[in-house]
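# What the coordinates show
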Amino acid sequence: MNHLPLRIAAVTALALAALAQDGCKGCQKEAEAPLAKPAAPSKEAALPGPATAVDAPAPVSPEVYPGPRSESLDGWRITTGFANAHDEAQSQPSAVEDTKVFVTVLDDKSHPIGRLAKVERAELHLFVVARDLRHAVYAFGNGPVKEGADARVATIHMPGGGDHAMIAVFKPEGGAARVVSAPVTVKGVLPEVMGPGLGSLGPRSKSEAEHVALLSTPSQIIAGKPVVLAAQDLGPADKPKGSLSLPFVVLMNDQMGWGDVVEWDAQGKGTWTPRQAGDYLVLAPPTRGSTALTFRLHVDVAPKQ
């Protein structure tokens, strides 16, 4: 009997079985692949927008990282770069040297914003604040770094090294003034003693040029309730010399991660609605020099009805 056809049939059957098995493995992989889950709602999308004088903003979620994170609560961001006085790129600023800080603003859809309006004297205001509040410096910049560019540049001179928050204030054309803070480490010798911290600040501050008191009406600030801010020029022995119209103030949470910009109106005052209770760092630009004005305001919890 000729067994050749049977052998061919057997080999063919085995080959088909192997192909079928491989195909099943592929099908099995597809079947075992987890189904795509619906995208979780973005934390940023659920976060409150900037404070207004009319409507109280929603409370800040405790899940939001409270420190500098290069992004505002409503999704605006900044990117930064550094160069020394000779325009040589640097990975970080250096203490006791001039550092050029390049800042590009991105909106909540990650589009770079090249057209900025001035907030008082400048398109970009930059505060660089030591995390322990031992110093706070200020600089500003105007115009793109070159034709067609989106970035602005400001030159800072840091007195010491260590961890800092870089706080950028800007106003998109036709929009409201905004603030975004980013973490930055300054290269240089760390101090032997930690700085005094936010608790050391109060309603008075000095720069190279002025001595200023920050006033609030009402004096007790309540979360979710508008408060009117004003400034007073102080003379010797803290004697009031008259009202002072600040261009704006920046009010940051105690970890310098998020905040609001309040511009002074024609009457020399500003209105702010705090998002939540706690201590706030208040920054204002000096009339001249590089030492920022720094204050602390305390916000109480709204009483239960």
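Everything quoted here is computed from the prediction, not taken from an experiment. Per-chain numbering applies: the sequence of each chain, read as written, is numbered from 1 onward. At least 70 in pLDDT is required for a residue's local features to be given in this predicted model, at least 80 for side-chain atom pairs to be given and counted, and no such filter applies to totals for whole chains, interfaces and linings, which use all residues. For the side-chain quantities, the full set of heavy atoms in the structure was used; hydrogens and water were omitted.

## Side note on the environment of Gly114
Filter applied, for reference: Starting at the N terminus, helices and strands are each numbered in turn, a helix being any DSSP run of H or I of at least four residues and a strand any DSSP run of E of at least two.
Within the secondary structure, Gly114 sits in the loop between strand S4 (112-113) and strand S5 (116-117). Placed 35 residues apart in sequence, Gly114 and Ala149 show a C-alpha to C-alpha distance of 6.9 Å.

## Concerning the pairing of strand S17 (residues 259-263)
Put simply, the rule reads: Throughout this description, buried means an accessible area under 20% of the type-specific maximum (1.4 Å probe, protein chains only), exposed means over 50%, and partly exposed covers the range between. Should DSSP find at least two bridges between two strands, the strands are regarded as paired.
S17 sits mainly inside the fold: four of its five residues count as buried. Pairing geometry for strand S16 (residues 248-253) and S17, over five bridges, is antiparallel. Counted as the bridge partner of Phe248 is Glu263 from S17. Where S16 folds back on S17, the antiparallel hairpin that results is connected by five residues, among which Met256 adopts a positive phi of roughly 60°.

## Focus on the side chain of Thr294
Among the structural elements, Thr294 can be located in strand S20 (residues 293-300). Given the relative accessible area of 13%, Thr294 is considered buried.

## Comments concerning unusual backbone geometry
Negative phi characterises most residues that are not glycine, and trans characterises most peptide bonds. Thr217 connects to Pro218 through a cis peptide bond whose omega is 0°. In this structure, Asp87 takes a positive phi of about 65° despite not being glycine. Relative to the helices and strands, Asp87 resides in the loop between strand S1 (77-84) and strand S2 (89-90). The phi torsion at Ala237 lies on the positive side, around 60°, for a residue other than glycine. Position of Ala237 relative to the elements: it lies in the loop between strand S14 (227-234) and strand S15 (240-244). For Ala237, a relative accessible area of 81% translates into the label exposed.

## Examining the environment of Phe295
The cut-off we apply is this: By definition, residues are in contact when any of their heavy atoms lie within 4.5 Å.
Mapped onto the fold, Phe295 is located in strand S20. Once the C-alpha coordinates of Phe295 and Leu214 are considered, the two residues, 81 residues apart in sequence, prove to be 7.4 Å apart. In this view, Phe295 contacts Leu201, Gly202, Pro203, Arg204, Ser205, Val212, Ala213, Leu214, Tyr280, Leu281 and Val282; residues no more than four positions away in its chain are not counted.

Purely spatial values, then, with no claim about function.
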